[in-house]
Amino acid sequence: MAAGPDPGFFQTIYTSRALRRFKPLPVPDEVLFQVLDAAIRAPSGQNAQDWRFLIITDPATKSKLQEWALEGWGHYRARFGDDAAIDALPRSQRLSLRSVEHLAHHLAEAPVLILVLGLAGRHSTPGGSAFPAVQNLLLAARALGLGGSIFNLPLGRREELHELLSIPANNQVYCLIPLGYPADRQGPVQRKPVAEVVFDNRFGERWAFAEKQPPEGWQERWLRPE
Ligand SMILES: Cc1cc2nc3c(=O)[nH]c(=O)nc-3n(C[C@H](O)[C@H](O)[C@H](O)COP(=O)(O)O)c2cc1C
């Protein structure tokens, strides 16, 4: 599937949301390579680059991960109650949860799963040297017309996962990212306003400039029909 024109940096940022439903289309190797070649341009502590990315396309492995995802979903959904309780949630939360549920049931159909790993104990802020690459990966995927999201529900069975994928004991699993051509639309993303989460010099001190900006931010400056 050919990528459309590069949506541009800010259009990409403002429209990269978690997409969890995929069309049954393969992701060509040259697209996947571009995604991963962008991922590894990220910074890491001491430039260690100890990240490792496992591309998972094997049907039997994907099925096993789906089985574990359903276990994870069972634990996660218990927080919300039964189906009626989920249906009563605010729309955006309900839709998001339904998309998580969908992916838990269809993980094996996702064209590609990427497992992100790094050396255990290598960094004083574990994850700080993996997630910049994860974000590069997700933004590159979005720019190329792919959809994806971090999806950690299948990662509960740590030892079995290590065994299944021959992961050395000195490697830590950070996250799983299913990727594919999305069946749902890209962004825009809903976030708390800058004024609510950014402070001026002291914690809790409002930033006057941000208070004068629209609560939805400046996305209107960048969002264009694609
Ligand atoms: C560290 C981390 C872990 C996440 N784990 C999961 C997960 O296990 N399952 C899932 O469906 N989404 C997971 N997500 C995705 C978030 O739920 C999603 O990015 C967030 O709700 C914003 O969604 P939106 O961009 O569509 O608004 C995770 C995101 C991060 C950063």
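Just so we're clear, the structure is a prediction, and the values are computed from it rather than from any experiment.

What counts and what doesn't
- Numbering of residues starts from 1 in every chain and runs along the sequence as written.
- Given that this is a predicted model, residues contribute local features only at a pLDDT of at least 70 and side-chain atom pairs are listed and counted only at 80 or more, while totals for whole chains, interfaces and linings are drawn from all residues.
- Side-chain measures were taken over the full set of non-hydrogen atoms in the model, leaving aside hydrogen atoms and water.
- For the purposes of this entry, the term helix denotes a DSSP run of H or I that reaches at least four residues, the term strand denotes a run of E that reaches at least two, and both are numbered from the N terminus.
- Restricting the calculation to C-alpha atoms gives the radius of gyration, and the globule rule supplies 2.2 Å times the number of residues raised to the power 0.38.
- Residue burial is assigned from relative accessible area. The probe radius is 1.4 Å, only protein chains are included, and a residue is buried under 20% of its type maximum, exposed over 50%, and partly exposed in between.
- Summary of the distance rule: residues count as near a molecule or strand when at least one heavy atom falls within 4 Å of that molecule or strand.
- In the analysis that follows, any N or O atom pair within 3.5 Å is treated as a polar contact, provided that within protein one partner can donate a hydrogen and the other can accept it, and provided that, for residues neighboring in sequence, both atoms belong to side chains.
- In this description, accessible areas are obtained by the Shrake-Rupley approach with a 1.4 Å probe, and a residue is regarded as covered only by the protein chains that are shown.
- Classification used: nonpolar for Ala, Val, Leu, Ile, Met, Phe, Trp, Tyr, Cys and Pro, charged for Asp, Glu, Lys and Arg, polar for all others including Gly.
- Whenever a helix is involved, its axis is fitted only over the stretch in contact; in every case the axis is a line through C-alpha atoms, and angles between N-to-C directions fall within 0 to 180 degrees.
- Angle categories: roughly parallel below 35 degrees, roughly antiparallel above 145, roughly perpendicular from 65 to 115, and oblique for all the rest.
- Pairs of residues are marked as contacts when any of their non-hydrogen atoms sit within 4.5 Å.
- Every patch collects residues that have over 30% relative accessible area and no salt bridge, joining them within 9 Å if they carry like charges and within 5 Å if they are nonpolar side chains (Val, Leu, Ile, Met, Phe, Trp, Tyr).
- In what follows, salt bridge is the name for a side-chain nitrogen of Lys or Arg lying within 4 Å of a carboxyl oxygen of Asp or Glu.
- The source of the domain bounds is an automatic or database domain assignment.
- Multiplying 1.5 Å by the residue count of a helix minus one yields the expected span of that helix.

Engineer: I'd like a rundown of the overall build of the chain, residues and numbers included.
Structural biologist: Tallying secondary structure elements over the chain gives nine helices and four strands in all. Ordered by position in the sequence, the α and β elements of the chain form the string α-α-β-α-α-α-β-α-β-α-β-α-α. Here the C-alpha radius of gyration of the chain, 19 Å, is about what a compact globule of 226 residues would show, namely 17 Å. The C-alpha extent of the chain, read off along each of the three principal axes, is 55 × 50 × 40 Å. Here the chain holds 226 residues, and 39% of them are scored as buried.

Engineer: Got a sec to walk through the site of the ligand? Specific residues and values, please.
Structural biologist: The full set of residues close to the ligand is Arg 17, Ala 18, Arg 20, Val 100, Ser 149, Ile 150, Phe 151, Asn 152, Leu 153, Val 189 and Arg 191. Ala 18 is positioned with one of its backbone polar atoms (N or O) 2.9 Å from an oxygen atom of the ligand. Taking 620 Å² as the accessible area of the ligand by itself, protein coverage stands at 58%. Broken down by class, the residue content of the shell around the ligand amounts to six nonpolar, two polar and three charged.

Engineer: Can you break down the packing of helix H3 (residues 59–77) against helix H5 (residues 91–106) residue by residue, with the values?
Structural biologist: Where H3 contacts H5, the axes come no closer than 7 Å and their chain directions differ by 150°. Put simply, H3 runs roughly antiparallel to H5. Taken together, the residues of H5 that come into contact with H3 (itself represented by Gln 66, Ala 69, Leu 70, Trp 73, Tyr 76 and Arg 77) are Leu 97, Val 100, Glu 101, Ala 104, His 105 and His 106. Of the residues contributing to the contact of H3 with H5, the split by class is seven nonpolar, three polar and two charged.

Engineer: Please provide a residue-by-residue account of a nonpolar patch on the surface, values included.
Structural biologist: On the surface, Phe 9, Phe 10, Ile 13, Val 194, Val 197, Val 198, Trp 207, Phe 209, Trp 218 and Trp 222 cluster together into a nonpolar patch covering about 880 Å² of accessible area. Of all the elements in the fold, those that place two or more residues in the nonpolar patch are helix H1 (9–15) and helix H8 (194–197). If one sorts the elements of the nonpolar patch by residue count, H1 sits on top with three residues. Structurally, Ile 13 is set in helix H1.

Engineer: Residues and numbers for the domain arrangement of the chain, please.
Structural biologist: Partitioning the chain into structural domains gives domain 1 (17–185) and domain 2 (187–216). Taken over C-alpha atoms, the centre of domain 1 sits 29 Å from the centre of domain 2.

Engineer: Go over unusual backbone geometry, please, and point to the residues and values.
Structural biologist: With an omega dihedral of 0°, the bond running from Gly 187 to Pro 188 counts as a cis peptide bond. Its place among the elements puts Pro 188 in the loop between strand S4 (171–180) and H8. A positive phi is found at Asn 47, a non-glycine position, where the angle reads about 50°. Checked against the element boundaries, Asn 47 lands in the loop between helix H2 (29–39) and strand S1 (52–56). On the accessibility criterion, Asn 47 (52% relative accessible area) is exposed. Positive phi is not limited to glycine here, since Asn 201 has a value of about 70°. Classification of Asn 201 as exposed rests on a relative accessible area of 80%.

Engineer: Account for H5, naming residues and giving values.
Structural biologist: Helix length check: H5 (16 residues) gives 22 Å between terminal C-alpha atoms against 22 Å at 1.5 Å per residue, within 8%. Where H5 is concerned, the buried positions are Leu 97, Ser 99, Val 100, Glu 101, Leu 103 and Ala 104. Where H5 is buried, its residues contact H3, helix H4 (83–87) and S4.

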